[in-house]
Amino acid sequence: MYHNARVRAKPDASTNSLYEAIRSNTLQPPTVGLFEPDLGTIDVVDVHQPVAGSRHGDTRSEPEVTAGEARSQPAKTQRRQNLPAHATPFVGRNHELATIDRLLRTEPTCRLLTLVGPSGIGKTRLAVEAAFKAVEAYTDGAYLITLNDTSSVPMLIQAIATTVGLELQRATDPKIQLFEYLREKSMLLLLDNFENMLTHSEASGEEARQSGEAFLTELIEQAPGVKILATTIERLNVQTEWVLPVEGLAYPAIDGATEHVHTAIEADFPDSWQDYGAVHFFIMHLERMHPDNRIEHSDQVAIIKICQMVEGSPLALELAAAWTRVMPLADIAAEIYHDLMFLPVT
């Protein structure tokens, strides 16, 4: 797994320069083949088994469900929401989507559900997709409140009020106004990046009472028809919290040298190796950048190795795909093997 100390380290100047060039689309066309693997021996686990100690109980991703499909279903009434539409399909995570949908729709004691995982793992995209699926269960809609620049309860109150259309008046405590507005509502609030609101464990007295965690507890008590879906890099540690860990997309795993990997692919899953969520996601981004290129037989080892080393992290896979503008897949895999910070995911 990624180690926080390494992931949070600052990349060197050359990495930053190339990363910014990739983002700004100013790189020159590659002078070498895009997909030229020569990995030698790789360490990967058996395709048919979950990764040891794995979160991949079912390593193969389920059929893709898109936000467009979720939204296209007819509804009896028009629901209010501000959920963003995405330009790319939603890949995999059917098990997580089903779990979130069940908790948001049919579990009355689940009032606060937090999706917990490292940066770049796909928490926000998963939460938005789940909210699209569940919005019809909430008469007053579902709203995304992004908390990137929100670090105090007054700022949080203002952000929620603005998003749901409540105009706060100066004469009354904003928190009281918000609670009164939400008290009779049937609504889903998606609070993204809530880690910015967390207090330190040693907080006490007034600081603890004014914390984001305390605010959520009070909101849940005051607005019985409101559910909260939060994304965060660490759990909130409040009594009412339900926690769903979010980890990487599923990826295949094979143990042995390059020749053995090719043999296993041909024998065991010649047509389905791309059905794994991480592989599907990675190839989707490769095809967007290189629509005239085909994924060759020799590319499979590099792709599998990349998916494994980044543990299915969507952001890392997207960055790795961007590197194919300037180097072959095999070289990208080799760079990641030597230094995970080759892909600065934070």
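This text gives an overview of the structure that appears in the document.

Analysis parameters
- Residues numbered from 1 in each chain as written.
- Predicted model: local features only at pLDDT ≥ 70, side-chain atom pairs only at ≥ 80, totals over all residues.
- Heavy atoms only, no water.
- Helix = DSSP H or I, 4+ residues; strand = E, 2+ residues; numbered from the N terminus.
- Buried < 20%, exposed > 50% of the residue type's maximum accessible area, 1.4 Å probe, protein only.
- Contact = heavy atoms within 4.5 Å.
- Areas by Shrake-Rupley, 256 points an atom, 1.4 Å probe, with all protein chains shown as cover.
- Pairing = 2+ DSSP bridges.

**Focus: the overall build of the chain**
Link 1 in the chain: Check the secondary structure of the chain and you find 14 helices and seven strands.
Link 2 in the chain: Across the 346 residues that make up the chain, the buried fraction comes to 49%.
Link 3 in the chain: Within the chain, residue pairs in contact and separated by at least 24 positions form 81% of the contacts whose partners lie at least 6 positions apart.
Link 4 in the chain: Here the chain displays about 17200 Å² of accessible surface, and carbon together with sulfur accounts for 48% of that area.

**A look at the environment of Thr240**
Link 1 in the chain: Among the secondary structure elements, Thr240 is positioned in the loop between strand 5 (226-232) and strand 6 (241-245).
Link 2 in the chain: A sequence separation of 23 residues divides Thr240 from Thr217, and the C-alpha atoms of the two residues are 7.3 Å apart.

**Considering the pairing of strand 5**
Link 1 in the chain: When you tally the buried positions in strand 5, you get seven out of seven residues, the bulk of the element.
Link 2 in the chain: Residues Val226, Ile228, Ala230 and Thr232 point to one face of strand 5 and Lys227, Leu229 and Thr231 to the other, with burial holding for every one of them.
Link 3 in the chain: When strand 2 (residues 112-116) meets strand 5, the two strands line up parallel, connected through five bridges. Bridged to Val116 within strand 5 is Thr232.
Link 4 in the chain: Judged from the five bridges that link them, strand 4 (residues 187-192) and strand 5 form a sheet pairing that is parallel. Counterpart to Leu189 in the pairing with strand 5 is Ile228.

No statement about biological role is implied by the geometric values presented.
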